[in-house]
Amino acid sequence: MDPTPRPRWLIAALAALLAGCAEDAATSPAGLTADGGAGDVVDAPAAPRVRLLVDADRDGVVTDTGDDVAFRASWDAAHGAVFLANVDDDDDDDALDGADDVVNGEEDARDLARVRVAPIANLADDATGRLTLTAPSTPAVRVFRVDEGVWRRVDLEAETLTAAELRAGLELGIEASDFPTAEWAGEVTLALSVTRGDERVGDDRVVLRVAPFVVSSSLDETDHVYATVGAGVFSLARFINDLDAITAADEMPFETIDGLDPDWRERDFGPDVWTQDYMELGWTAMPGGAAPHGMNVVLRTPNTDRPIAAWTRRDFVGPGRGYVWRHSRRYPSARAHDPSLDSFGNLEVIPPYAGHPFGRLFHGNVAARSSDPELRDFLNAQRVQGPVLELDTSWLHVGHVDEFASFIPVDSPRGWKMLIASPRAARAQLQALVAADPANGERVMFEGQRWFYPQDHPMEGRTYPAARTVNSILADEDLMAFNQGDQAHIDLVREALQTEAGLSDDEVIEIPFLMWEIENGQGAAYMPGTVNLLLYGRSVTMPRPHAFAVDGADFMETHLRALMRAEGITAHFAEQWDILHANEGEVHCGTNALRRIPARGAWWEVTR
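Residues numbered from 1 in each chain as written. Predicted model: local features only at pLDDT ≥ 70, side-chain atom pairs only at ≥ 80, totals over all residues. Heavy atoms only, no water.

### Some points on the sheet that holds strand S18 (residues 389-391)
The strands making up a sheet associate through backbone hydrogen bonding, with each pair oriented either parallel or antiparallel.
Okay, step 1: As summarised here, the arrangement of the three strands in space is S16-S17-S18, forming an open sheet in which the pairing is mixed. Each edge of the sheet is formed by a strand with only one pairing partner; in this case those strands are strand S16 (347-350) and S18. In this sheet, adjacent strand axes meet at a mean angle of 30° when their direction is disregarded.
Okay, step 2: With three bridges joining them, strand S17 (residues 360-364) and S18 adopt parallel strand pairing. Bridging from a neighbouring strand, His363 pairs with Glu390 of S18.
Okay, step 3: Across the sheet, helix H10 (residues 477-501) touches S16, S17 and S18, and the angle it forms with S18 is around 165°. (Pairing = 2+ DSSP bridges. Helix = DSSP H or I, 4+ residues; strand = E, 2+ residues; numbered from the N terminus. Axes fitted to C-alpha atoms, helices over the stretch in contact; angles between N-to-C directions. Contact = heavy atoms within 4.5 Å.)

Rendered as structure tokens:
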């Protein structure tokens, strides 16, 4: 026992201090006083408690109890407050909401993460409070408060809070103007300090993290489909008509983008039909109770020489629809920048798997042929779907990952399978047809179709027939040798994807088509690349193969329908040879899909 007696006022003060620390570790009570008279004790008033409150338990509600209090100054997979990059335009004034100092109506207010200053009792009239924010200057993070039902921005550099305001409590809202970056992980600390003259009354702080941009998986529920149109372009009209009929039959909303709009039509060129390539669609969200609250977001291609990409800012952005654009001003000299790799057919998502509940991004990129480093840095900074898995696509002329891989939903524990291009399967299929009936060797592939002479060819602008017999294809030693080489490249990227996601061979479906050389050993699909497809729900749209009829039906269509039917998928086929295939692209390249925020979009549970 310590024999040293302690005055009763000191014992009381220590008890109050310990109680305060136990209840609210981030608050330091102050203001306990005692009368200076010898032996006389004056009961001290309860210490003012300074508290900032956030939705730390992520249930969509800010409370003054439980985990909202206990974890308000921490952030991990289970706890911690979230706020949004407010990049939509809820008042349709052509300005992103996070780019100004006002709250643009009730819907915009919903995009603010709430922070409460809890009422502070027993506060002297001459006490004042000061809010400070530890955050980067760029991107801007703004704090707002409600005054008589109206939101206004808090000037953190100049404003103080009065004792009356602190006793009543305040409601604050916080937003960012941008997503995490390579320089900023997205975390901020908001602090409140209350003083009385030179005396520190108390302080508190809360930690929040901005929600990342998440790229939609092709397995996410689809809201509607996009494609680019151009009046008077007959080959494009055939493709659009087929898409219109297919989506109508599936009751899938279909929206077109005018590729000949004077705001972005390039002189001497037709419409930019590559709807997949000039935008990537995704979402961002924060906890909202029963379901996340957030917005769809379009990521614009870094390619600054893509005029139609301006559609993403002019026409896509609106209430609940946001926008982000990342591109380098200068490219590093150490790697050769290839604008083709900045197209978003070259950015895909492996669907969810162990360790990656929102999937993982993959992307074609090699030392000698690089995408925009600003784009790669931005995607990696989002963390949830990263780091981006980089694959070698140097063997492809266009170089996009959608040329060899896609995914479909299936009824299995994993819930999906991978489709992979297979020249080997295509050659074996043709050989089997000839073995079954030698007459099939003289059947004509690609009948009625044509190829276009390339740019700078003496015959540029003219065409030549694509039709060719099966025997002539199989006897083409250069073509077969090239496909053998491309098969080796495909086997390598297949192994990388399978290893990453832990896929068995039974979870990979080979999609047969042959490749051919375009230039300098780089290839593209010779047969229409049917792995390059549009998926929504349990429906896929593939390019029409233009093989020959067996038992009254295109044998490739029959084969592909059977492959998909075995997995519960309905296969459709669209005519796109002249407008897409002959220009080294397919259905996926010419379409896009807006997909809904997953019902359980809890990206914050991903610790990466």
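There's plenty left to go through after this.
### Observations concerning the side chain of Arg326
Okay, step 1: In this structure, Arg326 sits in the loop between strand S15 (321-325) and S16.
Okay, step 2: A distance of 2.5 Å separates the side chain of Arg326 from the side chain of Asp178, its partner in a polar contact.
Okay, step 3: What Arg326 contacts, discounting residues up to four positions off in sequence, is Asp178, Thr181, Pro302, Glu374 and Phe378. (Polar contact = N/O pair within 3.5 Å; in protein donor to acceptor, adjacent residues only side chain to side chain.)

### Side note on the pattern of salt bridges
Okay, step 1: In the structure shown here, the tally under the stated rule is 37 salt bridges.
Okay, step 2: Residue Asp147 pairs with Arg145 through a salt bridge whose shortest N-O separation is 2.8 Å.
Okay, step 3: Two residues, Arg600 and Glu605, come together in a salt bridge whose shortest N-O distance is 2.6 Å.
Okay, step 4: Salt bridges here are not isolated pairs; linked through shared partners, they connect Arg145, Asp147, Arg152, Glu159 and Glu165. (Salt bridge = Lys/Arg side-chain N within 4 Å of Asp/Glu carboxyl O.)

### Remarks on the side chain of Glu348
Okay, step 1: In this structure, Glu348 sits in strand S16.
Okay, step 2: Buried charge without a partner: Glu348 forms no salt bridge, and the closest opposite charge is Arg595, 7.6 Å away.
Okay, step 3: Excluding its chain neighbours within four sequence positions, the residues that come into contact with Glu348 are Gln276, Arg360, Leu361, Phe362, Val401, Asp402 and His588. (Buried < 20%, exposed > 50% of the residue type's maximum accessible area, 1.4 Å probe, protein only. Lys, Arg positive; Asp, Glu negative; His and termini not counted.)

### Quick look at the packing of aromatic side chains
Okay, step 1: Taken as a whole, this structure holds 19 aromatic pairs when the rule is applied.
Okay, step 2: Relative to Tyr526, the ring of Phe446 has its centre 5.3 Å away and its plane inclined at 90°; by these criteria the two rings are edge-to-face. Here Phe446 is found in the loop between strand S21 (444-445) and strand S22 (450-452), whereas its partner Tyr526 is found in the loop between strand S27 (522-525) and strand S28 (534-536), with 80 residues between them in sequence. Exposure class is identical for Phe446 and Tyr526. Each is buried.
Okay, step 3: Among the aromatic residues, ring-to-ring pairing joins Phe446, Trp451, Trp516, Tyr526 and Trp577 into one connected group.
Okay, step 4: Directly above the ring of Trp75 sits Arg209, whose terminal nitrogen or CZ lies 4.1 Å from the centroid.
Okay, step 5: Sitting above the plane of the Trp325 ring, Arg300 keeps its charged end 3.8 Å from the centroid. (Phe/Tyr/Trp six-rings, centres within 6.5 Å; stacked < 30°, edge-to-face > 60°. Lys NZ or Arg CZ within 6 Å of the ring centre and 35° of its normal.)

### Considering the pairing of strand S33 (residues 591-595)
Okay, step 1: A large share of S33 lies buried, amounting to five of its five residues.
Okay, step 2: By the alternation rule, side chains of S33 split into Thr591, Ala593 and Arg595 and Asn592 and Leu594, which are all buried.
Okay, step 3: By the bridge criterion, five bridges tie strand S11 (residues 222-229) to S33 in an arrangement that is antiparallel. Considered in S33, the bridge of Thr222 is made with Arg595.

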